[in-house]
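# Summary of structural features
Chain by chain, the residues run as shown.
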Amino acid sequence: METFCGNNANRPITDIVAEWTFVPSTTANADETNMTDDKIRRIHLIDTSVASDNLGDEIIVEKARHHLMPVIGDAYISTSSGHDGLGPFGRRLAAEADLVLLLGTNALSARYRGRKFIWRVKAQDVTALQGKVVLVGVGANRDFKRVAWRQRWLINRLLSPTHRHSVRDDLAAKILSHCGREAINTSCPTLWEYRSSQPVVRTSPADDVCFTLTGNKPDTSDRQMIDILRQSYKRIAFWPQMPGDLGYLKSITGLEDIRILAPNLIAYDDFLSTTNADVIGTRLHGGIRGLSHGCRIGVVAIDNRARDIGSGVNLPTIPRAELATRLPDFIASPPKLHLNVNAEPIDRFLSQISL
């Protein structure tokens with residue numbers, strides 16, 4: 001039979017357990033007791049970077065959390081995945097929460113997508129979320145002519161009617177307007193830090209460049225971009241933001257002169273912080289990440305997200321159709337960077353969350 005060492009050596013465990021008594025602790029102070037009080041504020045975060053195959057979601061959510069903490073730091077905070085839905089534990093936590101914050105990504109659609117979209121909502125989730133979801137830097141995936149009636153019903157059922165919702169582009173604001181919810185275009189949380197100061201970006205030419213591609217949106221201009229980068233820089237590196245990006249790169253060019261970075265955010269940050277490099281490519285948030293490291297960036301606009309966010313805050317963007325003619329001059333003498341991130345809507349949005 002199992003025994004304990006020390007003073008209990010050679011004593012059967014059943015005898016020892018029989019002697020155990022449990023005395024309630026008298027050392028908890030008032031503050032600790034209040035932590036179990038039902039009056040404590042509870043906030044549930046729907047994290048769109050969990051179970052995502054796009055590292056751009058990790059970049060967005062990291063910044064969203066950073067800017068939210070000063071206004072929700074007094075709360076009990078729980079989390080669930082946006083891509084997988086609430087699940088039984090998340091559903092209970094969301095039902096008990098005073099507020100549910102949906103963090104980032106292009107989770108809005110005019111089409112009814114139900115449980116098959118980026119923000120997965122199951123039928124049993126609706127009651128737990130009803131009327132208390134607030135959007136934080138959420139975008140839309142494509143233009144539309146009308147919002148499907150089932151989607152209007154779902155959005156109206158889930159989103160808080162008493163809060164203004166933070167969207168990152170005019171298209172998302174348009175969807176909410178069609179659904180009777182008020183939106184504030186705050187741009188993306190990855191840019192909120194520049195509402196009070198400009199990014200400090202290197203102005204001297206770089207010998208290195210890190211580029212990105214979007215494997216699920218191929219185009220012949222991508223090969224042109226790589227050829228221009230080879231001619232303009234001494235060394236080139238590639239960061240796969242999604243798993244399919246590397247396979248796409250291999251399908252359009254050789255890799256003998258390209259340094260392949262590990263497909264994670266730690267490796268990307270390490271490269272950008274230790275290498276005097278420019279960041280150019282089709283990945284919007286991969287480009288924005290470069291600003292945090294003082295890199296010159298050029299975002300190749302391939303969809304409404306880069307186009308809308310870029311024009312809204314004066315982000316350096318190049319239309320994909322104009323790469324061959326504009327990219328060489330952009331590299332040689334990039335336009336002066338001056339972001340126009342309006343502080344007022346961001347501060348107005350955050351102030352209501354702190355209530």
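Worth saying up front: this structure is predicted, and the values here are computed from it rather than measured. Residue indices begin from 1 for each chain and proceed along its sequence in written order. The predicted origin of the model limits local features to residues at a pLDDT of at least 70 and limits the giving and counting of side-chain atom pairs to 80 or more, whereas totals for whole chains, interfaces and linings rest on all residues. Excluded from the side-chain calculations are hydrogens and water; all other atoms, namely the structure's heavy atoms, are used.

## A look at the nonpolar core
- We call a set of buried residues a nonpolar core when its members are Ala, Val, Leu, Ile, Met, Phe, Trp, Tyr or Cys and they connect through side-chain atoms within 4.5 Å of each other. Burial classes follow relative accessibility: with a 1.4 Å probe on protein chains only, a residue under 20% of its type's maximum area counts as buried, one over 50% as exposed, and anything between as partly exposed. If you look at the biggest cluster of nonpolar residues, it comprises 49 residues, and the most contacted ones within it are Leu 101, Leu 191 and Leu 315.
- Here a helix means four or more residues in a row that DSSP labels H or I, a strand means two or more in a row labelled E, and each is numbered from the N terminus. Here this core gets eight residues from one element, more than from any other, and that element is helix H3 (residues 55–72).
- It only takes one pair of heavy atoms within 4.5 Å for two residues to be counted as in contact. Apart from the residues within four sequence positions on either side, Leu 191 is in contact with Ile 288, Leu 291, Ile 309, Val 313, Leu 315, Leu 339 and Val 341.
- With 30 residues, the next largest nonpolar core counts Leu 86, Ala 97, Val 100 and Val 138 among its residues.

## Quick look at the pairing of strand S7 (residues 208–212)
- Of all five residues in S7, five are buried; the element is thus mostly enclosed.
- Burial of S7 is two-sided: the residues Asp 208, Cys 210 and Thr 212 facing one way and the residues Val 209 and Phe 211 facing the other way are all buried.
- When DSSP finds two or more bridges between two strands, those strands count as paired. With four bridges connecting them, S7 and strand S8 (residues 235–238) associate as parallel partners. Across the sheet, the residue bridging to Cys 210 is Ala 237, located in S8.
- Throughout, right-handed denotes a crossover for which the path from the first strand over the helix to the second runs clockwise when the strands point away from the viewer. The parallel pair S7 and S8 is bridged by helix H8 (residues 221–232), and the resulting crossover is right-handed.
- As judged from the five bridges shared by S7 and strand S10 (residues 277–281), these two strands associate in the parallel manner. Directly across from Cys 210, in S10, lies its bridge partner Val 279.

## Here we look at the confidence of the model for the protein
- Within the protein, residue pLDDT values average 88, and 88% of them lie at 70 or more.
- Looking at any residue, its pLDDT shows the predictor's confidence there, from 0 to 100. Predicted confidence is poor over residues 1–9, with pLDDT under 50, and the contacts of this stretch with residues over four places away or in other chains come to 14 contacts.

## Here's the deal with the sheet that holds strand S1 (residues 42–47)
- Reading across from one edge, S2-S1-S3-S4 is the order of the four strands in this open sheet, with parallel pairing throughout. Looking at the sheet topology across the chains shown, the edges are occupied by strand S2 (76–81) and strand S4 (133–136). Averaged over all pairs of adjacent strands, the angle between their axes in this sheet comes to 25°, without regard to strand direction.
- Bridge count between S1 and S2: six bridges; the pairing is parallel. By the bridge assignment for S2, Ile 46 is matched with Ser 80. Geometry is summarised by axes, namely lines fitted to C-alpha atoms with helices restricted to the contacting stretch, and by angles between N-to-C directions that run from 0 to 180 degrees.

## Here's the deal with helix H4 (residues 87–96)
- Along H4, the residues that are buried comprise Gly 87, Gly 90, Arg 91, Leu 93 and Ala 94. In a view along the axis of H4, the buried residues occupy a sector of 165°, so they form one face of it. H4 presents Pro 88 and Phe 89 as exposed residues on the side facing more than 90 degrees away from its buried surface.
- Of the surrounding elements, those touching the buried residues of H4 are S1, S2, strand S3 (99–103) and helix H5 (126–129). An arc is given here, and it is the one of the directions from the helix axis to the C-beta atoms.

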